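Now for the letters of each chain:
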Amino acid sequence: MRMSKLFVQTLREFPSDAEVMSHKLLVRAGYIRKLANGVYNYLPLMWRVLKKIENIVREEMDAAGAQEILMPFVQPSELWIESGRWDVYGKELMRLKDRHNREMCLGPTHEEVITSIAREGIHSYKQLPVNLYQIQSKFRDEIRPRFGLLRGREFIMKDAYSFDCDEAGLDKSYEIMAKAYKKIFERCGLETKMVQSDSGAIGGSVSHEFMVLVNENSENNAGENDVFYCTKCGYSANSNHAVSNLAEAEVDGKFKFAKITDTPETTSINELADFLKIPASIICKCLIYVVDGKYVAALIRGDKAVEETKLMNVFAGNDIRIARNDEIEEIMNNSGFNAVAGFIGPKGLKGVEIVADNTVKDLKNFVIGINQKDKHLVGANWGVDVELPQRIADIRLAEENDKCIECSAPLKVTKGIEVGNIFKLGTKYSKAMNATFTDKDGQEKPFIMGCYGIGISRTAAAAVERHHDENGIIWPLSIAPYRVIVVPVSDQDETQMSVAEDIYNKLSEANVEVLIDDRAERAGVKLKDADLIGIPFRITVGKTIKDNLVEFKNRSTGETITITPQEAVEKILNL
RNA sequence: CGGGAUGUAGCGCAGCUUGGUAGCGCACCGUGUUCGGGUCGCGGGGGUCGCAAGUUCGAAUCUUGUCAUCCCGACCA
């Protein structure tokens, strides 16, 4: 391709509305252009990168035995009503009506559609297992799109769905996908960590995320997830799922008897601990949440934080938020109290489900709210002063240096970009939508399903986050829009131009993806642009051509050698 | 949903305090010059100043509303 014809415009400055490097660089280097909030045009260079990633994904998915299909982007509400998600998916689901007033939605994911396909097409265990996938634009009306391609509303995703006749089959399909994913990201030049993650409200199911770790090179932190990991045994998990053991802490308040004590204006744990001159670990904190519209009280040790996803899962919920003050007031009114946030306790709460974190059951002679403003019960004990809730679960957010549950080594934490997710669905959709097959024994059974996603456009952005320098993008060779760019330094110099054209022609004829910068620009402009757009190799034809020498530069290492044009061509052909 | 900030040419910005009919750099067009890391000069084209009301003889500038964008937060009691 000739730069003089390539549809690209590089900018001399970064766009003012971009925050993270991948966003800044992709806009500045002319790869993408914003059309609306969270919605981007993919210009020629970007589209080439995306197609490269797609093809790697295709090759590995096909090699893993999956078959590519394409499902509609617009879906009828009926399927979503069948699965039960029409009412619970929330505002992320972009809903619309057609001219007949039928309700439709833009596909944020395709479990419903794929289940309907399987329901119609798979009738016997002899047809299983099956794995179908597609690569397609998805639309999710995110609360807050940001970071360019890392969290857009419209984005390109590969989604695969497996169907098996039993759990063992699903385990195998899952394993195959996990291996394929690792290979896909490796081939894209991305090191990923496969971490355990939350699998939503479905009991007993398993899910892993593939994270690109980004802590070490973060001017701006593009990683939206906290990943906990153990360097000793390899345990790793998303913070919404990470389980840990705690270091020793004081959990006995050693008060001789229980006493209602004045604790004026201690609305936070720190204030309360300071006021009573006690460690926060002997306070039992009580937080009111709203899960799917129902009130929930969560008890946890004062020095620890609640992990909302874990808490939500205890109640198989879809939505969780902390209660507002007016909601707490409502609970107080209903229960015959008049306390405010800071003095809430589990005792006597009406219309509220209570769950206690594992950390509170060992507390002795502790401090707890009793729904009286400016007072706490000091020296309380379970079973004596307050009943220990029946529901006890792990709802605690892990912290760095907590002990690994596998090997007790201290856990570390880092930021990660989630580029892939694999998930054992089980029969959630097949049961709800009555998608069954006849098994060996003649019985009709629901499919055992798995689903497997890769954010194609996010993977491209993650690659930029990991591979760039102060001059621009540094694409891994496997996903670069072009492998090599030929730059004649002066378009005035006939020898330079003809040698450059010759190199370009030879590489083109050998089907190498090659650019030639034939623009009537000065050398500085061309070299800056070559660095900015991040082509892995550059062949510069300059003055030394009188000695039959050109410069061969590696964008990634900066290594530069001077060789003959023929050697340069061969070097590229031998990559 | 709450808070903050910002909307002026494709991009980056000034002008607004103190109203008087819009400017700079980059990019673009023409021309000359220069030619190995974003040359220099001359000449040009391009903007109903986010939108809508209001105040005023007159509004980019003041007032109100509205929309959009970016950031932070979404309450850890």
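Sequence order as written defines the numbering, with residues in each chain counted from 1. Here every chain gets a letter starting at A, and every ligand a number starting at 1, in the order they are written. Given that the model is predicted, a residue must reach a pLDDT of at least 70 before its local features are reported, and side-chain atom pairs must reach 80 or more before they are shown or counted; all residues, however, enter totals for whole chains, interfaces and linings. Processing note: side-chain calculations cover all non-hydrogen atoms of the structure and skip hydrogens and water entirely.

### A closer look at the overall build of chain A
To be explicit about the condition: Runs of H or I in DSSP of at least four residues are treated as helices and runs of E of at least two as strands, each being numbered from the N terminus. Think of it in three bands: residues with accessible area under 20% of the maximum for their type are buried, residues over 50% are exposed, and the middle band is partly exposed, with areas taken using a 1.4 Å probe on protein chains only. Contacts between residues were defined by any pair of non-hydrogen atoms, one from each residue, lying within 4.5 Å. Under the convention used here, a 1.4 Å probe and the Shrake-Rupley method define accessible areas, while residue burial counts only the protein chains that appear. When charges are counted, Lys and Arg are positive and Asp and Glu negative, with His and the chain ends excluded. We put the charge of a Lys on NZ, of an Arg on CZ, of an Asp on CG and of a Glu on CD.
Secondary structure summary: chain A contains 13 helices and 33 strands in total. With 575 residues in all, chain A has 53% of them scored as buried. Of the contacts formed within chain A by residues at least 6 apart in sequence, a portion of 69% connects residues at least 24 apart. Carbon and sulfur atoms make up 47% of the accessible area of chain A, which amounts to about 26500 Å² in all. Measuring between centres, the 74 positive side-chain charges of chain A sit 1 Å from its 85 negative side-chain charges.

### What about the packing of aromatic side chains?
Worth spelling out the cut-off: Any Phe, Tyr or Trp ring, taking Trp's six-membered ring, that has another such ring centre within 6.5 Å forms a pair; planes under 30 degrees apart are called stacked, those over 60 apart edge-to-face, and the others tilted. Note on geometry: a ring has a charge over it if NZ (lysine) or CZ (arginine) is within 6 Å of the ring centre and within 35 degrees of the ring normal.
Under the defined criterion, the tally for this structure stands at 10 aromatic pairs. Between the aromatic rings of Tyr174 and Tyr452, the centroid separation amounts to 6.4 Å while the plane-to-plane angle is 50°, which identifies the pairing as tilted. Highlighted residues: Tyr174 in helix α5 (residues 167–187) and Tyr452 in strand β26 (residues 448–455), separated in sequence by 278 residues. Here Tyr452 falls in the buried class, since its relative accessible area comes to 1%. One aromatic cluster is present, built from ring pairs that chain together Phe163, Phe437 and Phe447. Over the ring of Tyr482 we find Arg48, and its NZ or CZ is 4.0 Å from the ring centre.

### Some details on the packing of helix α1 (residues 21–28) against helix α10 (residues 456–466)
Which entries qualify depends on this criterion: Lines fitted to C-alpha atoms define the axes, with helix axes restricted to the stretch in contact, and inter-axis angles between N-to-C directions lie between 0 and 180 degrees. Oblique is the label for any angle not covered by the other classes, which are roughly parallel (under 35 degrees), roughly antiparallel (over 145) and roughly perpendicular (65 to 115). Gly counts as polar in this scheme, as do all residues outside two lists: the nonpolar Ala, Val, Leu, Ile, Met, Phe, Trp, Tyr, Cys and Pro, and the charged Asp, Glu, Lys and Arg.
Contact geometry for α1 and α10: axes closest at 8 Å, N-to-C directions at 100°. One finds that α1 runs roughly perpendicular with respect to α10. Two secondary-structure elements touch here, α1 through Met21, Ser22, Leu25 and Leu26 and α10 through Ala461, Val464 and Glu465. Considered class by class, the residues forming the contact of α1 with α10 number five nonpolar, one polar and one charged.

### What to know about the protein's contact with RNA strand B
Definition in use: Throughout this document, a residue counts as near a molecule or strand when at least one of its heavy atoms sits within 4 Å of that molecule or strand. Two N or O atoms count as a polar contact when they lie within 3.5 Å, although within protein this holds only if one can serve as hydrogen donor and the other as acceptor, and sequence-adjacent residues are included solely when both atoms are side-chain atoms.
Around RNA strand B, 50 residues are found, and the nearest of them are Arg12, Arg144, Thr267, Ile288 and Gly342. Between Arg28 and RNA strand B, the recorded distance is 3.3 Å, taken from a side-chain N or O atom to a base oxygen. The backbone of Val306 places a nitrogen or oxygen atom 3.1 Å from a base oxygen of RNA strand B. Counting only elements with at least two residues in the surface near RNA strand B, the list comes to β1 (32–36), β15 (283–291), α12 (523–533), β31 (537–541) and β32 (550–554). Considering every element that reaches the surface near RNA strand B, the biggest residue donor is α12, with eight residues. The residue makeup of the surface near RNA strand B, split by class, is 19 nonpolar, 11 polar and 20 charged.

### Remarks on the domain arrangement of chain A
Interface size is often expressed as the accessible area that is lost when the parts come together. Where we set the bar: Boundaries between domains were set according to an automatic or database domain assignment. The buried area of a pairing is the accessible area, by a 1.4 Å probe, that goes missing from both parts when the two are put together, added over both. Between Lys or Arg on one side and Asp or Glu on the other, a salt bridge is scored when a side-chain nitrogen of the former is within 4 Å of a carboxyl oxygen of the latter.
Here chain A is partitioned into domain 1 (21–243 + 413–466), domain 2 (259–393) and domain 3 (482–574). In this assembly, seven residues from domain 1 lie in contact with four residues from domain 3. Of the roughly 610 Å² buried between domain 1 and domain 3 on both sides combined, carbon and sulfur atoms contribute 57%. For the pair domain 1 and domain 3, the interface holds two salt bridges. The closest approach of N and O atoms between Arg48 and Glu513, which form a salt bridge, is 3.1 Å. The leading source of residues in the side of domain 1 that touches domain 3 is helix α2 (residues 44–63), at three residues. A breakdown of the residues in the side of domain 1 that touches domain 3 according to their chemical character gives four nonpolar, no polar and three charged.

### A short note on helix α13 (residues 565–573)
Heads up, the rule is: By definition, the arc is the one covered by directions from the helix axis to the C-beta atoms.
Among all positions of α13, only Pro565, Ala568, Val569 and Ile572 are buried. Take α13 and look down its axis: the buried residues cluster within an arc of 100°, on one side only. Buried positions along α13 lie against β29 (484–488), α11 (494–509), β31, β32 and β33 (560–563).

### Here we look at the pairing of β15
The line we're drawing: Pairing between strands requires that DSSP locate at least two bridges from one strand to the other.
Within β15, eight of the nine residues are buried, which leaves it mostly tucked inside the rest of the structure. Sheet topology places β15 next to strand β19 (residues 366–369); two bridges connect them, and they run parallel. Within β19, the residue paired with Cys284 across the bridge is Ile368. The antiparallel hairpin formed by β15 and strand β16 (residues 294–301) contains two residues in its connecting segment, where Asp292 sits at a positive phi of about 50°. In terms of strand pairing, β15 meets strand β17 (residues 320–322) through three bridges, oriented antiparallel.

### What to know about α12
Where α12 is concerned, the buried positions are Lys526, Asp529, Ala530, Asp531, Leu532 and Ile533. Here the buried face of α12 lies against α1, α2, β28 (472–473), β29, β30 (514–516) and β31. Immediately beyond the C-terminal end of α12, within one or two residues, lies Gly534, with a positive phi of roughly 80°.

### Side note on the nonpolar core
The test is simple: As used in this record, nonpolar core signifies buried Ala, Val, Leu, Ile, Met, Phe, Trp, Tyr and Cys residues forming a set joined through side-chain atoms within 4.5 Å.
Judged by nonpolar contacts, the single largest core of 64 residues is most densely connected at Leu26, Tyr31, Met46, Tyr181 and Trp475. Examining the composition of this core, we find that eight residues originate from one element, α2, more than from any other. In this structure, this core is formed jointly by two domains, domain 1 (21–243 + 413–466) and domain 3 (482–574), each of which donates at least three residues. Sequence-distant contacts of Met46, that is, excluding residues within four places in its chain, are made with Leu26, Tyr31, Ile32, Leu149 and Ala460. In this structure, Ala297, Ala323, Ile344 and Leu377 belong to the second largest nonpolar core, which totals 26 residues.

### Some details on the pattern of salt bridges
Inspection of every chain in the model, using the stated rule, returns 40 salt bridges. Ionic pairing is found between Glu501 and Arg2, a salt bridge with its closest N-O pair at 2.8 Å. Residue Glu501 is located in helix α11, and its partner Arg2 is located in the segment before α1; the two are separated by 499 residues in the primary sequence. Note on Arg2: relative accessible area 27%, which makes it partly exposed. Across the salt bridge formed by Asp171 and Lys424, the nearest N and O atoms sit 2.7 Å from each other. Of the two residues, Asp171 sits in helix α5 while Lys424 sits in strand β23 (residues 412–426), which places them 253 residues apart along the sequence. Connected through shared salt-bridge partners, Asp469, Asp531, Arg538, Glu551 and Arg555 make up one network.

### Observations concerning unusual backbone geometry
The omega torsion of the bond from Leu128 to Pro129 falls at 0°, within 30 degrees of zero and hence cis. Within the fold, Pro129 resides in the loop between α4 (111–121) and β7 (130–139). One non-glycine residue, Asn101, adopts positive backbone phi at about 70°. Tracing the backbone shows Asn101 in the loop between β5 (95–97) and β6 (103–106). When its relative accessible area of 54% is taken as the criterion, Asn101 is described as exposed. In the Ramachandran plot, Ser408 falls in the positive-phi region, its phi being about 70° despite a non-glycine side chain. Within the element layout of this structure, Ser408 appears in the loop between β22 (403–404) and β23. Assessed through its relative accessible area of 44%, Ser408 is described here as partly exposed.

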